[in-house]
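Here's the letter readout for the chains.
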Amino acid sequence: FINDVNMPSNLRVTHASPDAPAVDVVVDDGFDAPLVANLAYSETAGFVEVSPATYNVKVVPTGTTTPVVIEADLPLAAGGNYSVYAIDVLDTIEPLVLTRDRRRVATEAKLDILHASPAAGNVDIYLTAPGANIDNVDPNFSNIAFRSSSDFLSLEAGEYDVNITPTGEKTVAIGPATITLAVGGIYTAVARDAARPTDDSDGLPLGLILLDDFITPQ
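Every chain is numbered independently, its residues counted from 1 as its sequence is written. With pLDDT at 70 or above as the cut-off, local features in this predicted model cover only qualifying residues; side-chain atom pairs require 80 or more to be listed or tallied, and sums for whole chains, interfaces and linings still use all residues. The side-chain values count all of the structure's non-hydrogen atoms but skip hydrogen atoms and water molecules.

Draft legend 1. A look at the sheet that holds strand β11 (residues 141-144). The pairing criterion is simple: DSSP has to find at least two bridges between the two strands. Helix and strand assignments come from DSSP, with helices taken as H or I runs of at least 4 residues and strands as E runs of at least 2, each series counted from the N terminus. With antiparallel pairing, 4 strands are arranged side by side in an open sheet as β11-β10-β13-β14. What marks the edges here is a single partner per strand, and that holds for β11 and β14 (174-181). Across the sheet, the mean angle separating the axes of adjacent strands is 20° when strand polarity is ignored. Pairing analysis gives 6 bridges linking strand β10 (residues 123-128) to strand β13 (residues 158-166), with the strands arranged antiparallel. Bridging across to β13, Y126 finds its partner in N163. For helices, the fitted line uses only the C-alpha atoms of the stretch in contact; every axis is such a line through C-alpha atoms, and the angle between N-to-C directions lies from 0 to 180 degrees.

Right under this line is the structure:
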């Protein structure tokens, strides 16, 4: 279908930089009223509607105007769905902007898996029945690089274990994480680093950031 020029854009921001403090996301220098405020590592701000336009977006430590750790001009189209991930360690932090077809399918679930762990090299991803041993099965996705994602996969509803290993190995770095997918659901799982301790975080182990219907089922 064709989007009306007056349809809003939908924008979501996720903090996936393991050694960065909590941040504010500021649009067009509106530091007094951030679009997203006090977003901590592994947290996400749900989709917000904004008018279609090109916006200057800055990411700064919460409550400050400097340093600007990310600055980017984001062109947002009418009816578009944009997920912005603050990704990588603080010294090399950057925005990763992904667009997805978020239309639901009545007969299946849709799952997107993103590799956002800067400490990991390329990885293999396994989706299996809960409790299944991965030693004698092939990964569903092989040699996935940092910043890469599966895009939305079509899957039958049910329970799955997610296991993530270094490419070519069977030693599990993340998982098994059991997920439940429902018919018509939309799901995103972000493989993240262990958090580096900061003033407002004692650190987290390696794991997944779960988004979409994982946290707000339809």
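Draft legend 2. Local environment of the environment of P130. Position of P130 among the secondary structure elements: in the loop between β10 and β11. In this structure P130 comes out as partly exposed when scored by relative accessible area, which is 43%. Residues count as neighbours in contact if any of their non-hydrogen atoms are within 4.5 Å of one another. Every residue in contact with P130, bar those within four places of it in the chain, is listed here: E159, Y160 and D161. Exposure classes here rest on a 1.4 Å probe applied to the protein chains alone. A residue is buried below 20% of its type maximum, exposed above 50%, and partly exposed in between.

Draft legend 3. A look at the nonpolar core. Core analysis: the largest hydrophobic core is formed by 20 residues, its most contacted members being L111, L127, L155, I164, I179, L181 and F214. Those elements giving two or more residues to this core turn out to be β9 (109-116), β10, β12 (153-155), β13, β14 and β15 (186-192). Beyond its immediate chain neighbours, meaning those up to four positions away, I164 contacts V123, D124, I125, T171, V172, A173, I174, A191 and L208. Within the second largest apolar cluster, 19 residues are counted, among which are Y55, V59, L74 and A86. For our purposes a nonpolar core is just a set of buried Ala, Val, Leu, Ile, Met, Phe, Trp, Tyr and Cys residues, chained together by side-chain atoms within 4.5 Å.

Draft legend 4. Representation of the side chain of S150 in the model. Topologically, S150 is positioned in the loop between β11 and β12. For S150, a relative accessible area of 18% translates into the label buried. As used in this structure description, the phrase polar contact means that two N or O atoms lie within 3.5 Å; if the pair is within protein, one of them must be able to donate a hydrogen and the other to accept it, and residues adjacent in sequence are counted only when both atoms belong to side chains. A polar side-chain atom of S150 sits 3.4 Å from a polar atom in the side chain of D112. At 2.9 Å, the side chain of S150 forms a polar contact with the backbone nitrogen of I113. The contact partners of S150, leaving out residues within four places of it in the chain, are L111, D112, I113 and F141.

Draft legend 5. Highlighting the sheet that holds β9. Pairing within the open sheet is mixed, and its 4 strands lie in the order β12-β9-β15-β16. At either margin of the open sheet sits one strand with a lone partner, and together these are β12 and β16 (207-212). Averaged over neighbouring strand pairs, the angle between their axes works out to 30° when direction is ignored. Bridge count for β15 against β16 is 6 bridges, and the pairing is antiparallel. Paired with T188 across the two strands is L211, which belongs to β16.

Draft legend 6. Seen up close, the pairing of strand β6 (residues 70-76). Taking every second residue as pointing to the same face, the buried face of β6 carries I70, A72, L74 and L76, while none of E71, D73 and P75 on the other face is buried. Bridge count between strand β5 (residues 53-61) and β6: 7 bridges; the pairing is antiparallel. The residue bridging A53 from the neighbouring strand is L76, located in β6.

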